[in-house]
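# Summary of structural features
Chain by chain, the residues run as shown.
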Amino acid sequence: MSATRQRVARRDLLAGGVVLASAALGGCGAPARVPGEVFSLGVASGDPLPDSVVLWTRLAPEPLAGGGMPPRAVEVQWEIAEDEGFRRVVRRGTEWAVPELAHSVHAEPGGLRPGASYFYRFRAGDQISPVGRTRTGPDLGSSPGRLRLAFVSCQDWQGGYYSAYRGIAGEDLEFVLHLGDYIYEYAPRPGSPRQHDGPELDSLESYRNRHALYRTDPDLRAAHAAHPFVLTWDDHEVDNNYANDIPEDTTGPAQGSRAEFLNRRARAYQAYYEHLPLRRSQRPAGPSALLYRRLRFGDLAEFAVLDTRQYRTDQPCGDGMKPRCAAALDPAATMTGPVQERWLLEGLDRSGARWNVIAQQTMFAQYDFAAGPDAVFNLDQWDGYVAARARILGFLAQRRPPNPVVLSGDIHSSWVHDLKADFADPRSATVGTEFVGTSISSRFPASLSSSVTAALADNPHTRFFNGDLRGYIRCDADRQRWTSAFRVVDTVLTPGAATRTLAEFTVENGHPGAQRV
C-alpha cells in the first residue's frame, strides 16, 4: 500500500467514526517492530453472547498482495474496556497471528457483563489498531424491552460503493446480521463503477486478496468497527449457485471433479474465516465448517442462523428461472440437509421467545415471476425445494411457535411476504412473515424488476417489492410489535450517498403478516 493510500485509508476511518488509539496498551511490555501499517483492514467484533464476543483483526501491511507479513508468528495483544479512553480495562490477552491463517486474530474474551457496551483494540509491535465498539447480548434469563438490529447481504465490489454501510455505522444497533455474499468471486467486469483485482477466484491467495480488497472500503470498515456482526455465507464466497459439492458449471474445463471443487471450497472457507469475526469453533476443517447456530436475545427474540449452501442438494430442473419440473417437488430435495432441518424445527419447538427469527439466504416465499397462466420460478431459491419448504410451513401451522419472522437476502431487491400455509390457496392461513432485504451494492436487472411488478397481482401474499434501490433493513422489536424499515441509498455509482427510509412495515404480536406503516 502506498503512503498516499495509507493516509486516505486512515482519514476515511476517522470520517467513519473510528478513533485511532494514540496511547500504548498497558501491561504489554516493550514493543517489537512490525512492517508497514499492519492494521490496514481495521477491526471487527462478532457473535455477541451474554458474557463474550469475538474480536478480530488481520495484520496486513500489503493487503492486496498476500498481506506482506513475514512468514513467522507475530504476538498480538488485545484489550477490552468500558470506556473509549481505556481507563477501565476489564480484560486483556495475547494471541499469535500465524502465517497459516494469514496473520488473522480471533480473540474471545469472556467474563463480560451482559447487555453492555465495550471498546476494544489491538497492538502488534509498536502499532496500535483503530478502536472498535461492541456489545454483549442480554442475560439469557432476562426479558429485554426492545431490540434493534440491521441485516444486509450481497456487496458486489463491482456493483458500486458501500454507502449503506456508512448509514449502518451511524445507527444505534445491538448487532448487524450479514446473510451472505460478503465477497464475489467474479473476474473484472468492464464498465463497472470499480473493478475486481484479478481473474475468477480459485487459489487461497486469490480468495484472501479479494476479501482484503473488500475490507479496504472505509464504510465497510466503519460499520464493522461500530457494531458486532453475526455472519453466514451464501454462494459467492465460493462460486455462484454452488450446491454442496457441485459447482455452478459442471462441464467447464476449469471446474474439474467434485473432489477438486471441494478443494476450492476448502480454500474459500478458510479465507472467509480468516477475514471475519467468527469463533474458533467455526474454523473450517477442510471443506466443512459448522456455521449454522442459534443466538438468544433474552426471551424477546431467538435467531436461528442457517447455512443453505453447504448441505443442499443440487438445484432442480437445471437451475435458473423456468417452470418447475418434478424434481422441484421431490421430498428428498433439501436446502439445509436433514440434520440442520431437524435442528431448526426442534429449536423452534422449544423456544420461549416472543419473536422467532429464521435468518437465512434465499427468498423463502413462493413467487411466480410470470404474469397470467404460465408459471416461472427461481429454482435456486426455496421455490426449487417445495417439499422442504412445505415441511417448515406445516410445522409453523401445526406447532405455532410465537411470531415466526424470516429474514432473507440474495435477490438484490426488497420484498415483504405473508407466509402462507399453502401458497396455492390465497385463503389459507398466514403462518409467518418474511422480509427480504435488498443488496448493499449488487445490481437487480431492470428487466426482471418489470416482470416482478407485472406479476404482483398473481402473487397476493407479496405485500411489497422494490428492485431499484440498494441498502439494508433496520429491524426494531419490542414485546408488542416487530418493525422493519427499508433503508436505502439513491445511488451506489458514487460514494457518500445518504440513507433514507423507503418503506416501513410492522408485525403485531400474535398476528402474522405485515402491515405497512
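Residues numbered from 1 in each chain as written. Predicted model: local features only at pLDDT ≥ 70, side-chain atom pairs only at ≥ 80, totals over all residues. Heavy atoms only, no water.

## Describing the overall build of the protein
Helix and strand counts for the protein stand at eight helices and 24 strands. Relative to the compact-globule value of 24 Å for 517 residues, the protein shows a C-alpha radius of gyration of 22 Å, a close match. Overall, the C-alpha framework of the protein stretches about 75 × 55 × 40 Å when taken along its three principal axes. By residue count, 61% of the 517 residues in the protein fall in the buried class. Contacts in the protein between residues at least 24 apart in sequence constitute 71% of all its contacts with a sequence separation of at least 6. With the model as given, the accessible surface of the protein reaches about 18,700 Å², and the carbon-plus-sulfur share is 51%. Between the centroid of the 57 positive side chains of the protein and the centroid of its 61 negative side chains there is a distance of 5 Å. (Helix = DSSP H or I, 4+ residues; strand = E, 2+ residues; numbered from the N terminus. Rg over C-alpha atoms; globule rule 2.2 N^0.38 Å. Buried < 20%, exposed > 50% of the residue type's maximum accessible area, 1.4 Å probe, protein only. Contact = heavy atoms within 4.5 Å. Areas by Shrake-Rupley, 256 points an atom, 1.4 Å probe, with all protein chains shown as cover. Lys, Arg positive; Asp, Glu negative; His and termini not counted. Charge placed at Lys NZ, Arg CZ, Asp CG, Glu CD.)

## Digging into the confidence of the model for the protein
Considering every residue of the protein, the mean pLDDT works out to 93; 93% of them sit at 70 or more. Segment residues 1-24 is flagged for pLDDT under 50; beyond a separation of four residues in sequence, or across chains, it makes 40 contacts in the model. Low confidence marks residues 26-31, where pLDDT is under 50. Its contacts with residues over four positions away, or in another chain, come to eight contacts. (pLDDT = per-residue confidence, 0-100.)

## Re the environment of Val386
Looking at the secondary structure, you find Val386 in helix H7 (residues 386-399). When the C-alpha atoms of Val386 and Asp330 are compared, they prove to be 7.6 Å apart, with 56 residues separating the residues in sequence. Once residues lying within four places of it in the same chain are set aside, the contact partners of Val386 are Arg324, Ala328 and Leu329.

## Digging into the sheet that holds strand S5 (residues 104-107)
If you trace the ten strands from one edge of the open sheet to the other, you get S5-S2-S1-S11-S10-S9-S21-S22-S23-S24, paired in mixed fashion. What marks the edges here is a single partner per strand, and that holds for S5 and strand S24 (511-516). Strand after strand, the sheet turns through a mean of 30 degrees between neighbouring axes, direction not considered. Sheet topology note: the strand S9 (residues 146-152)/strand S21 (residues 470-478) ladder contains six bridges and is antiparallel. Paired with Phe151 across the two strands is Ile473, which belongs to S21. (Pairing = 2+ DSSP bridges. Axes fitted to C-alpha atoms, helices over the stretch in contact; angles between N-to-C directions.)

## Brief notes about the packing of helix H3 (residues 204-215) against helix H5 (residues 258-274)
Orientation of H3 relative to H5, taken along the N-to-C sense of each, is 35 degrees, at an axis distance of 9 Å. Handedness of the crossing formed by H3 with H5: right-handed. In this structure, H3 contributes Leu204, Tyr207, Arg208 and His211 to the contact, and H5 contributes Arg264, Arg267, Ala268, Gln270, Ala271, Tyr272 and Glu274. (Left-handed = near helix turned anticlockwise from the far one by under 90°.)

## With respect to the environment of Ala107
Its place among the elements puts Ala107 in strand S5. Assessed through its relative accessible area of 0%, Ala107 is described here as buried. A C-alpha to C-alpha distance of 8.6 Å links Ala107 and Arg280, two positions 173 residues apart in sequence. If near-sequence neighbours (up to four positions away) are discounted, Ala107 is found in contact with Val53, Val54, Leu55, Trp78, Glu95 and Arg280.

## Quick notes on the pairing of strand S17 (residues 404-408)
Here S17 lies mainly inside the structure; five of its five residues are buried. Side chains of S17 alternate between two faces, with Pro404, Val406 and Ser408 and Val405 and Leu407 buried alike. The sheet contact formed by strand S15 (residues 355-359) and S17 spans four bridges and is parallel. Counted as the bridge partner of Ile358 is Val406 from S17.

## Notes on the state of the cysteines
Here the structure, examined in full by the defined rule, presents one disulfide. One disulfide bridge connects Cys317 with Cys325, the sulfur atoms lying 2.1 Å from each other. Here Cys317 and Cys325 share a disulfide; its torsion about the S-S bond, -95 degrees, makes the bridge left-handed. Cys475 provides the cysteine sulfur closest to Cys154, a residue in no disulfide bond, and the two sulfurs are 16 Å apart. The class for Cys154 is buried, based on a relative accessible area of 1%. Looking at Cys475, the relative accessible area reads 1%, which means it is buried. (Disulfide = S-S within 2.5 Å.)

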